[in-house]
Amino acid sequence: MQRSALFITYVGLMTLVVVSSNVLVQYPLPGVIAGINLSDLLTYGAFTYPVAFLVTDLTNRQFGPRIARRVVVCGFAVAVLLSIAAATPRIAIASGSAFLLGQLLDISLFNKLRAQSWWRAPLVGSLIGSALDTTIFFSLAFAPIFSMLGPNEDFALQVSPFLGAFSAEVPRWISWAAGDLFVKMAVGLLMLLPYGALMSWLKPMPGVTASAQG
């Protein structure tokens, strides 16, 4: 009973994170700091999405990679369906593809490193998974070459200084991708705090060893 309840909880948390991120990624961060226009640099989604890696890593630690993959697939399916209603179909497709591949990579890396220092598996998995996720998502969501997935977003394609600060000018979505990755990595580091705090409470279930296979 406890396993089923925890599984449903993890799927619910995963769905909440992905759906909210799909909505928030459509809203650039307003304001100007040190002459840098934040709307050229970030969207709100960059701050919420890294929590998905925390959910995946806690599931992997507690239940092992097989159950973690099930949580990812269930969260992916439910989130994509809800995101089609909450966001544009193109955003839903881009987010679903990036989410699935990024999370599965995170699970694989976490499992390979889980026997090492407690922080290494969640940190390496989330950072490399975030890099893959960001590359796939922003390319599918905004790059003109993928316009078959849905209409291009004019604001995302407008040229602006790279990261809002450099002389080189690039389509705004490229700056968003770079800024998004930077924030995801920073938040990924911060997520080590709740992960470490929950380690003693969410202990591996019987049968899940330090060298769990799957």
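Note on numbering: residues in each chain are counted from 1, in written sequence order. In keeping with the model being predicted, local features are shown solely for residues with a pLDDT of at least 70 and side-chain atom pairs are shown and tallied solely at 80 or more, while totals for entire chains, interfaces and linings include all residues. Side-chain measures here rest on the full set of heavy atoms in the structure, leaving out hydrogens and waters.

Attention now moves to the overall build of the chain. Helix and strand assignments come from DSSP, with helices taken as H or I runs of at least 4 residues and strands as E runs of at least 2, each series counted from the N terminus. Scanning the chain from N- to C-terminus turns up 9 helices and 4 strands. For a compact globule of 214 residues, the expected C-alpha radius of gyration is about 17 Å, and the chain comes in at 18 Å, within 12% of that figure. In terms of overall dimensions, the chain has C-alpha extents of about 55 × 35 × 25 Å along its principal axes. Residues classed as buried in the chain amount to 48% of the 214 residues present. For the chain, the share of sequence-separated contacts (at least 6 apart) that also reach a separation of at least 24 residues comes to 72%. The globule rule used for comparison is 2.2 Å times the number of residues to the exponent 0.38, while the radius of gyration itself is calculated over C-alpha atoms. The classification of residues rests on relative accessible area computed with a 1.4 Å probe and restricted to protein chains. Under 20% of the type maximum is buried, over 50% is exposed, and intermediate values are partly exposed. Should any heavy atoms of two residues lie within 4.5 Å, those residues are considered in contact.

Should the charged atoms of two oppositely charged side chains come close, the side chains can pair. Here, a salt bridge means any side-chain nitrogen of Lys or Arg that lies within 4 Å of a carboxyl oxygen of Asp or Glu. Using the criterion set out here, one finds 2 salt bridges in the structure. We note a salt bridge from Lys184 to Asp133, for which the minimum N-O separation is 2.6 Å. Of this pair, Lys184 sits in helix α8 (residues 172–190) while Asp133 sits in helix α6 (residues 120–142), and the two are 51 residues apart along the sequence. We classify Lys184 as buried; its relative accessible area is 4%. Measuring nitrogen to oxygen at the nearest pair gives 3.0 Å for the salt bridge that ties Lys184 to Asp180.

In the cavity and pocket records, a cavity denotes points on a 1 Å grid over the protein atoms alone where a 1.4 Å probe fits but cannot get out, a pocket denotes an open set with protein on both sides within 12 Å along at least 5 of 7 lines, and lining residues are residues with an atom within 4 Å of a point. Grid points are joined across faces, edges and corners, and a volume is the space filled by probe spheres set on the points. Scanning all chains against the criterion turns up 2 cavities of 30 Å³ or more. One number sums up the size of the largest cavity: a volume of about 120 Å³. Along the wall of the largest cavity there are 13 residues; nearest its centre are Val25, Tyr49, Asp133, Phe137 and Lys184. Of all the secondary-structure elements, those providing two or more residues to the lining of the largest cavity are α1 (2–24), α5 (89–113), α6 and α8. Amino acids are sorted into nonpolar (Ala, Val, Leu, Ile, Met, Phe, Trp, Tyr, Cys and Pro), charged (Asp, Glu, Lys and Arg) and polar (every other residue, Gly among them). Taken together, the residues that form the lining of the largest cavity break down as 6 nonpolar, 4 polar and 3 charged. Space inside the second largest cavity adds up to approximately 60 Å³. Lining the second largest cavity are Pro50, Phe53, Leu54, Asp57, Pro122, Ser126, Gly188, Met191 and Leu192. Elements with a contribution of two residues or more to the lining of the second largest cavity: α3 (51–63) and α6.

Moving on to the layout of surface pockets. Within this model, the largest pocket holds a volume of roughly 250 Å³. Surrounding the largest pocket, 16 residues form its lining, Gln26, Thr88, Ile91, Phe142 and Glu153 being those nearest its centre. Residue assignment for the lining of the largest pocket shows that the elements contributing at least two residues are α5 and α6. The element best represented in the lining of the largest pocket is α5, accounting for 3 residues. Taken together, the residues of the lining of the largest pocket break down into 10 nonpolar, 4 polar and 2 charged.

Before going further, it helps to examine the UniProt feature "transmembrane region" (unreviewed entry) in the chain. Per the UniProt entry, the sites bearing "transmembrane region" (unreviewed entry) are residues 7–25, 31–55, 67–85, 91–111, 123–146 and 173–195 in this numbering. Along residues 91–111, the helical share is 100% and the strand share 0%, with 30 Å between the first and last C-alpha atoms. Secondary structure within residues 173–195 divides into 96% helix and 0% strand; the distance between the first and last C-alpha atoms comes to 31 Å. UniProt positions are given in the numbering used here, feature names are shortened, and annotations may be inferred rather than shown by experiment.

What follows covers α8. Relative to the 27 Å expected for 19 residues at 1.5 Å per residue, α8 spans 27 Å between its end C-alpha atoms, a close match to the ideal helical length. Taken together, the buried positions of α8 are occupied by Arg172, Trp173, Ser175, Trp176, Ala177, Gly179, Asp180, Val183, Lys184, Val187 and Gly188. Those residues of α8 that are buried lie in contact with α2 (45–48), α6, α7 (154–157), β3 (159–161), β4 (169–171) and α9 (192–198). Expected helix span is computed as 1.5 Å times (number of residues minus one).

This brings us to the nonpolar core. One finds Tyr10, Met14 and Phe99 to be the most contacted residues of the largest nonpolar core, which totals 34 residues. Of all elements in the fold, only α1, α3, α4 (65–86), α5 and α8 reach the threshold of two or more residues within this core. Residue contacts for Tyr10: discarding those within four places in its chain leaves Val55, Leu58, Thr59, Gln62, Phe63, Val71 and Leu202. Take the buried residues of types Ala, Val, Leu, Ile, Met, Phe, Trp, Tyr and Cys, join any two whose side-chain atoms come within 4.5 Å, and each joined set is a nonpolar core. In this structure, Ile136, Ala143, Ala156 and Trp176 belong to the second largest nonpolar core, which totals 16 residues.

Our focus in this paragraph is the environment of Leu192. Mapped onto the fold, Leu192 is located in helix α9. Taking the C-alpha atoms as reference points, Leu192 and Trp118, 74 residues apart in sequence, are found 9.5 Å from one another.

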